[in-house]
Amino acid sequence: MASVNPFNLSDSEEEAERRPNETVHTERSPSEGAPGPPPGNPFSPPPDAEPPTLLLSSNRTSPSGEGSVSVAATSAMAGTAETRISVDGIAAQLLRDQYILTALEFHTELLEAGRELPRLRDYFSNPGNFERQSGTPPAKDQVLGPGGPLHRAGSISTLDSLDFARYSDDGNRESDERVAESEVTSQERKNFKSSPEIQEPIRPLEKRALNFLVNEYLLKHDHKLSSITFSDENDDQDFELWDDVGLNIPKPPDLLHLYRNCGVSVPSPRDTVDVSVGVDFGDLPGNCIAQDPPKKPDLLHQQQTEVVQELEYQISLLTNEKQSLAEQIKKLQRCVPECMFMLIKLSPAFQQALLSFCRMCSDSRLGAEVSRIADSEESVMLMLGRCLPHIVPNVLLAKREELIPLILCTACLHPEPKERDQLLHILFNLIKRPDDEQRQMILTGCVAFARHVGPTRVEAELLPQCWEQINHKYPERRLLVAESCGALAPYLPKEIRSSLVLSMLQQMLAEDKADMVREAVVKSLGIIMGYIDDPDKYSQGFELMLLSLGDPSERVVSAVHQVFIPAFAAWTTELGTLQTALIPSLLARIEKLLMQGEHGLDEHKLHVFLSALQSLTPPLFAVVLQSAPFTSRAKVTGDIPAIEVTRFPRPASPLQDVATIIGSREMLSALLLLYDYQLEHEGTTGWDSLLWVVNQLLPQLIEIVGRINVTSSTCVHEFSRFFWRLCRTFGKIFTNTKVKPQFQEILRLSEENVDVSAGNDILTKATVPIYATGVLTCYNQDEDRKLLVGFLEDVMTTLSLSYAPLDSLKASFVELGANPVYHELLLTVLWYGVVHTSALVRCTAARMFELLVKGVNETLVAQRVVPALITLSSDPEISVRISTIPAFGTIMETVTQKELLERVKMQLASFLEDPQYQDQHSLHMEIIRTFGRVGPNAEPRFRDEFVLPHLHKLALANNSQTVESKRIDIATQLFEAYSALSCCFISEEVMVNHFLPGLRCLRADMEQLSPEHEVRKHSCVSMSIASSLVGEDAKTKFLSKMGQLTTSGAMLANVFQRKK
C-alpha cells in the first residue's frame, strides 16, 4: 500500500512535462524495498549504491549519507562527459529523485561560488515543500519501512532552520545565532505527547479551523441567527475563505462527514510514495525484508494521527508568531501618530505645532484616562480602580446605590490589594446616612462579594471596613456595621466568627446608645449563634442573652425573643445542654431572685427570666419530639391530618414556630399523632427528655410559684402566661395527665391547707391564681370550664370558712376578669356564693363583685351584678350588707346609665338614712371609705348632691360620738375622704353649704386627736381657714392663705393626698 509522499514535487512535475518520453516510477520494487530511479537515467545511482538519504530534521542527519550521494553523482557525470548537462538540469534531477540533501549541498556550493540557481533558491525558501500533506510520521525515533521498523531521521521544516555550519565542507561546527525554535520545542513536544494522561490544549489554528467548520454547519442547516451570533463573537476571523484559517492544507470535509467517518482514514487524492531514509538493507533483520504485509487499520490510524499532531504543532508555532507580530503592529500603531501615515512629509516640530490646534488635553488625570483606552480585562479593572474614587463624590447621594455593582465588581477583580481596600472603603462610605433600602443594597453586595472571593479575603478586606466604622457618629453607619456582621457570618472563617466578630457585636451591644443599632446587633448575634461551633463560647452566649434581655428598649428585647434566643437554643440543643444547662440556669436565677426579694422583689428581672423560659418552650418541645421512642417511625404521607390552627400559641417569630424547628408542618403533624398516642396508651418509659420535664422541670416551677407574693399582679400574670404557653405547647393530654395532677396534689382543698399558724397556707399563695389562670384556662371546652368553676367555688368556700385572706382569690378574679370571655363564668361562681348558706361565703362573694364590676359591660352589670348585690344588701346578716357597699360604690364610679345609677343611689341612701344603721360603726366606716375612693371619679352631680352632703352629716354626727376610738376612726376616714375630694372642682354653693361645714366639724374632731396625728391636725387647720372666706373667691384666697402657713413643705405636700 502506497503511503503519502511528504514533499511537494513541483519541480519534478515540470521536468516530466518537458520530457514526455521519460517516466517517473512511483512503484516500489519488491526486491529492493526502496523507490528506484527511472531506467536509463544517467544520473541515477547504480544498483549497488546506498539508498537516497532524506533529510527530515537538521539535528538527526548523518553526514555520511550526503557524501555517498555526492560521490555517486560525480562519477555519473564523469562517465558522460561527452554529454554536457546544464546545472539547472542537475538540480531538477536531484529534486525529482528526492536527493534533497545533495541538492542542498549543490545549492550551497553554487552560492559559495557566487552562482545562485533560481530553481534551488525557490525550492529551499518555500516551507510548503517540507510539510507533510498526509502520511505517517513514525513514533519517536523510527519509521516503519516496507519490511519492518526503520531508523528515521528528523524532518526539515524550513530552510532557515538548517544549521549550515554543521554540514559545511570546511568542518566548522559553530552554531548559527538563528537556531530554529522548532528544534528545542519539537523535542519538548514529543516528550509531552509521550505521556498519555496529558492532553494538549487547543491551539489557535485548531480553534480557527473548528470555528470555520462550525459556521459552515450552521449555515447549511438554516441556523442563520446562530451563525450571525457566532460570527460576531469571532470577529477576528473571515468565515468566507478557508485560507484565512492559516493552514497549508485543503479544506477538510464538513462536520457531518467528519462525524460519520470518525476513526476511518480519508484517502488522499494525490499519488504518494513510501520513502526510506538512511537505511542499509544489510543491517535490517531478515524477517524485515519481505513482501509488504498489509497494514492494520489501527496502525494506519495511529500514523495518521501523529502526522496531524506534527502539522498542528507547526501551525501553533506559526500562530504564535503571527500573534506576536500582530501585537507589535498594534503597539506601533499606538505609538505612531496618525499624521505619520500622511503622504506629505512634515517635520516633527511642524507636526506638533499643527496638532496643538486640535485642543486635546492629555496632561490632566482625566485626559490621560480618556487618551488611554483599555484593551484588556485587566486594564479595564485598573482603569475603574483609578476612576471610581473620582466618580463617586460627583454622584447625587440619592442615586449612589447605582454605583454599588460597579464598585463591587472592581473590588472583586482588581489585582492590587491597596486599590481593593480603597474601593471597599468607598462602598461603606458611599452614602452619608444610608436608609433601609440603601443598606439592604450594600449588604446584598457585600454578601455577593463574600461568595465570590471566599473567607480569606472577606476576613482581610471586608471586616476591617466594619471595624473602622464601629464608633461612627452616625447611627445609620453603625447600623450598617451591625447588619454586615450578621450577613457575612456564613462566609467568615469559623475562628473569626467566634472571636473577632462576636467581640465586635458584644462591644456594640454594651456601648451603643441607639436602640436600632442594638436591635440589629442582637439579630446579628443570633445569626452568629446559628453558625458558631465552639462549645467554650456557651457561657459568653448566655451572658449576652441576659444582657440583651435587660435592655431598656422594647424593640431590642423583642429582637432577642425573635432571633437570638431561638438561635441560641438551637445551638444548645446541638450541644445537648438545653435541658442540662440553659433552662436550669434560668430557674436557678429565678430562685435566687425570690430569695433576695423577700422585702421587695425585682419584678423586672423576674420578667426577664420568665420571658426567656417562655421563648425556650418551643425548642424544648421540639427536643422532646425528636428524642421520642417513636421518632424513627414518623413518616410523611398524604393522609396525615393538618395541624389545628389553635394547637400551638402564636409564635413571636418563625424561628419560634415548632414546625420550623422540626423542619416542616407535615413532619410535625406526623410526630404529633404519635406523641398523643404514646402519652395516652404507652406512657413515658424510656423517654428521657419528657421525663426530665415531668420529674424535674414541673416540680421546680410549682415550688417557685408557691414562693411568689400573691399581691404582685405582675408576677402572677407572668407566671400564668408562662404556664399557659407551656401547657398549650405540650398539648391537652400532657396537661391533663402530667401538669394538673401535680398541682392538685399540692392544692388539696380543705381547711387544713389554710392553717396559717401551722405553715400550711398553700391556698393563700400564688399557686391558686396561677393554676386557675395558667393551667385550667388552657382549653375552653365544657369540661374544662366546669373544672375551673368548681375549683374557684371550692377556693372561695374554703378561704371564707377558714377566715383566711382572700388575696389568692382576688388575684384569680383580677387575672380572669381581664378577659371578657370569662365574665359569665366568674358571675356563675359569684352567684354560687350569693346563694350559699354560709354568711362568710356570701360576704366573700359580695366583696368579689367589686373586682369584677370594672371590666364587665353595663348590660351584665344591670342584668347580673346589681340584682345580686341588691339581694345581698337585704341579707339577714349585717356583715353581708356592709360587704356590698364597695361594689355599689364601684358601680357609681364606672357606670353611666341613669336608671342604674338611681337604683344604686337609692340603695346607698337606705344605708345612710335607715334608723337601724345609725349606730352601725362598721357601715359608716365603709361608706366614708367608699366615698373617698369613688368621689373624685364619680359623676359631678352624684358627688355634689349625694356624696358631699352625706359626708357633712357624718362629720356632724361624729362630733357627738361618745366613744373616743370610734370618733377617731370616723375622723380619720373623713380626713382621707376630704383630702381626695378637695382636688375636685366644687361649686361655690356646695363649698359653702357642705364642704366647708364638714371641714369645721372635722377640725373639731381633729383637735381631740393624740399627738401622733399632729400632721393631720395642722392639715385640718389649714383647710379650716377656708371657713373665713365665705362670700369671696374662696378657692383663690384659700390657696393664698395656704402659702402663709409655717407648716413644713413635706406636711403641705401631704395635706390633700389620699392615704395609700
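Residues numbered from 1 in each chain as written. Predicted model: local features only at pLDDT ≥ 70, side-chain atom pairs only at ≥ 80, totals over all residues. Heavy atoms only, no water.

Trainee: Looking at this model, I keep getting lost on the overall build of the protein. Mind explaining?
Mentor: Tallying secondary structure elements over the protein gives 46 helices and four strands in all. Out of the 1060 residues belonging to the protein, those deemed buried represent 46%. Of the contacts formed within the protein by residues at least 6 apart in sequence, a portion of 71% connects residues at least 24 apart. When the accessible surface of the protein is split by element, carbon and sulfur atoms take 54% of a total near 55,600 Å². (Helix = DSSP H or I, 4+ residues; strand = E, 2+ residues; numbered from the N terminus. Buried < 20%, exposed > 50% of the residue type's maximum accessible area, 1.4 Å probe, protein only. Contact = heavy atoms within 4.5 Å. Areas by Shrake-Rupley, 256 points an atom, 1.4 Å probe, with all protein chains shown as cover.)

Trainee: Looking at this structure, I do not really get the packing of helix 32 (residues 782-801) against helix 33 (residues 807-817). What am I missing?
Mentor: When two helices pack together, their arrangement is given by the angle between their axes and by how far apart the axes lie. Where helix 32 meets helix 33, the axes come as close as 10 Å, and the angle between the chain directions of the two elements is 150°. Considering the angle they form, helix 32 stands roughly antiparallel to helix 33. Taken as a pair, helix 32 and helix 33 cross one another with a handedness that is left-handed. Taking contact as the criterion, the partners of Leu792, Val795, Met796 and Leu799 in helix 32 are, on helix 33, Ser808, Leu809, Ser812 and Leu816. Here the residues of the contact of helix 32 with helix 33 sort into six nonpolar, two polar and no charged. (Axes fitted to C-alpha atoms, helices over the stretch in contact; angles between N-to-C directions. Parallel < 35°, antiparallel > 145°, perpendicular 65-115°, else oblique. Left-handed = near helix turned anticlockwise from the far one by under 90°. Nonpolar A, V, L, I, M, F, W, Y, C, P; charged D, E, K, R; others polar.)

Trainee: How do you make sense of the pattern of salt bridges when you look at a structure like this?
Mentor: Pairing is possible between side chains of opposite charge, provided their charged atoms come close. In total, this model carries 30 salt bridges according to the counting rule given. With a shortest N-O distance of 2.1 Å, Arg439 and Asp436 are connected by a salt bridge. Of this pair, Arg439 and Asp436 are both found in helix 16 (residues 436-453), three residues apart, which corresponds to roughly one turn of the helix. Several salt bridges converge on common partners, so that one network encompasses Glu216, Lys220, Lys251 and Asp254. (Salt bridge = Lys/Arg side-chain N within 4 Å of Asp/Glu carboxyl O.)

Trainee: In this structure, what is going on with unusual backbone geometry? I would like to understand it.
Mentor: Most peptide bonds adopt trans geometry, and most residues besides glycine take a negative phi value. Phi at Asp222 takes a positive value of approximately 65°, unusual for a residue other than glycine. For Asp222, the location among the structural elements is in the loop between helix 7 (204-220) and helix 8 (224-233). At Tyr803, a position not held by glycine, the phi torsion is positive, near 55°. Counting through the fold element by element, Tyr803 comes out in the loop between helix 32 and helix 33.

Trainee: Any chance you could explain the UniProt feature "repeat: HEAT" (unreviewed entry) in the protein here in plain terms?
Mentor: Mapped onto this structure's residue numbering, the UniProt feature "repeat: HEAT" (unreviewed entry) falls at residues 865-903. The span residues 865-903 shows a helical share of 79% and a strand share of 0%, and its end C-alpha atoms are spaced 12 Å apart. (UniProt positions renumbered as here; feature names shortened; annotations may be inferred.)

Trainee: What exactly am I supposed to notice about the packing of aromatic side chains here?
Mentor: Any aromatic ring pair is given by two values, namely how distant the centres are and how the planes are angled relative to each other. Applying the stated rule across the entire model yields 20 aromatic pairs. Seen from their ring centres, Tyr538 and Phe568 are 5.6 Å apart, and the 10° between their planes marks the pair as stacked. Pair noted here: Tyr538 is in helix 21 (residues 538-549) and Phe568 is in helix 22 (residues 554-575), with a separation of 30 residues, a long-range link. Among the residues examined, Tyr538 registers a relative accessible area of 16% and is labelled buried. (Phe/Tyr/Trp six-rings, centres within 6.5 Å; stacked < 30°, edge-to-face > 60°.)

Trainee: Would you mind showing me how to read the side chain of His823 here?
Mentor: Assignment of secondary structure puts His823 in helix 34 (residues 823-834). Assessed through its relative accessible area of 4%, His823 is described here as buried. What His823 contacts, discounting residues up to four positions off in sequence, is Gly817, Leu852, Gly855, Val856 and Leu860.

Trainee: Looking at this structure, how should I read the environment of His994?
Mentor: Topologically, His994 is positioned in helix 43 (residues 988-1006). Separated by 46 residues in the primary sequence, His994 and Leu948 have C-alpha atoms spaced 6.2 Å apart. Filtering out sequence-adjacent residues up to four positions away, His994 remains in contact with Leu948, Pro949, His952 and Tyr978.

Trainee: How should the packing of helix 15 (residues 417-428) against helix 17 (residues 455-468) be read in this particular structure?
Mentor: At a minimum axis separation of 10 Å, helix 15 and helix 17 run at an interaxial angle of 40°. Of the possible angle classes, the one that applies to helix 15 and helix 17 is oblique. When you trace helix 15 past helix 17, the crossing you get is right-handed. Contact residues: helix 15 offers Arg420, Asp421, Leu424, His425 and Phe428, while helix 17 offers Arg457, Glu461, Leu462, Gln465, Cys466 and Glu468. Considering only residue class, the contact of helix 15 with helix 17 consists of four nonpolar, two polar and five charged.

Trainee: Which parts of the structure should I look at to understand a negative patch on the surface?
Mentor: Taken together, the side chains of Asp232, Glu233, Asp235 and Asp236 define an acidic patch exposed on the protein surface. Relative to the helices and strands, Asp236 is located in the loop between helix 8 and helix 9 (255-260). (Patch = residues over 30% accessible without salt bridge, like charges linked within 9 Å, V, L, I, M, F, W, Y side chains within 5 Å. Lys, Arg positive; Asp, Glu negative; His and termini not counted. Charge placed at Lys NZ, Arg CZ, Asp CG, Glu CD.)

Trainee: Whenever I open this one, the state of the cysteines confuses me. Can you help?
Mentor: Cysteine pairs can be linked by a disulfide, which is a covalent bond between their two sulfur atoms. Summed over all chains, the structure comprises zero disulfides. Distance from the sulfur of Cys727, which forms no disulfide, to the nearest cysteine sulfur (Cys778) is 4.1 Å. For Cys727, a relative accessible area of 0% translates into the label buried. (Disulfide = S-S within 2.5 Å.)

Trainee: Whenever I open this one, helix 19 (residues 494-511) confuses me. Can you help?
Mentor: It helps to recall that an α-helix has 3.6 residues per turn; residues three or four apart then point in one direction. For helix 19, built from 18 residues, the straight-helix expectation of 26 Å at 1.5 Å per residue is met to within 8% by its first-to-last C-alpha distance of 25 Å. When helix 19 is considered as a whole, its buried residues turn out to be Ile496, Arg497, Ser498, Val501, Leu502, Met504, Leu505, Met508 and Leu509. For helix 19, the elements touching its buried residues are helix 17, helix 18 (475-487), helix 20 (515-531) and helix 21. (Expected span 1.5 Å × (residues − 1).)

Trainee: Can you help me understand helix 35 (residues 839-853) in this one?
Mentor: In a regular helix each residue adds 1.5 Å, so 15 residues correspond to 21 Å; helix 35 covers 21 Å between its end C-alpha atoms and thus fits that length. Counting buried positions along helix 35 gives eleven out of 15 residues, so the element sits mostly inside the fold. Those residues of helix 35 not exposed but buried are Ala839, Val841, Arg842, Cys843, Thr844, Ala845, Ala846, Met848, Phe849, Leu852 and Val853. Elements that come into contact with the buried residues of helix 35 comprise helix 32, helix 33, helix 34, helix 36 (858-873), helix 37 (878-883) and helix 38 (885-894). For helix 35, the side-chain oxygen to backbone nitrogen distance between the N-cap and Leu840 is 3.3 Å, and the N-cap itself is Ser838. (Polar contact = N/O pair within 3.5 Å; in protein donor to acceptor, adjacent residues only side chain to side chain.)

Trainee: Would you mind showing me how to read the confidence of the model for the protein here?
Mentor: Do not read the fine detail of predicted coordinates wherever pLDDT is low. Of the residues in the protein, 73% reach a pLDDT of 70 or more, and the chain-wide mean stands at 76. Between residues 339-343, whose pLDDT stays under 50, and residues either more than four places distant or in other chains, the model counts four contacts. Within the model, pLDDT remains below 50 along residues 1024-1032, and this stretch shows 15 contacts once partners closer than five positions in the same chain are excluded. (pLDDT = per-residue confidence, 0-100.)

Trainee: Is there a simple way to think about the environment of Ala581 in this case?
Mentor: Of note, Ala581 is situated in helix 23 (residues 578-596). Residues Ala581 and Tyr538 lie 43 residues apart in sequence; the distance between their C-alpha atoms is 9.7 Å.

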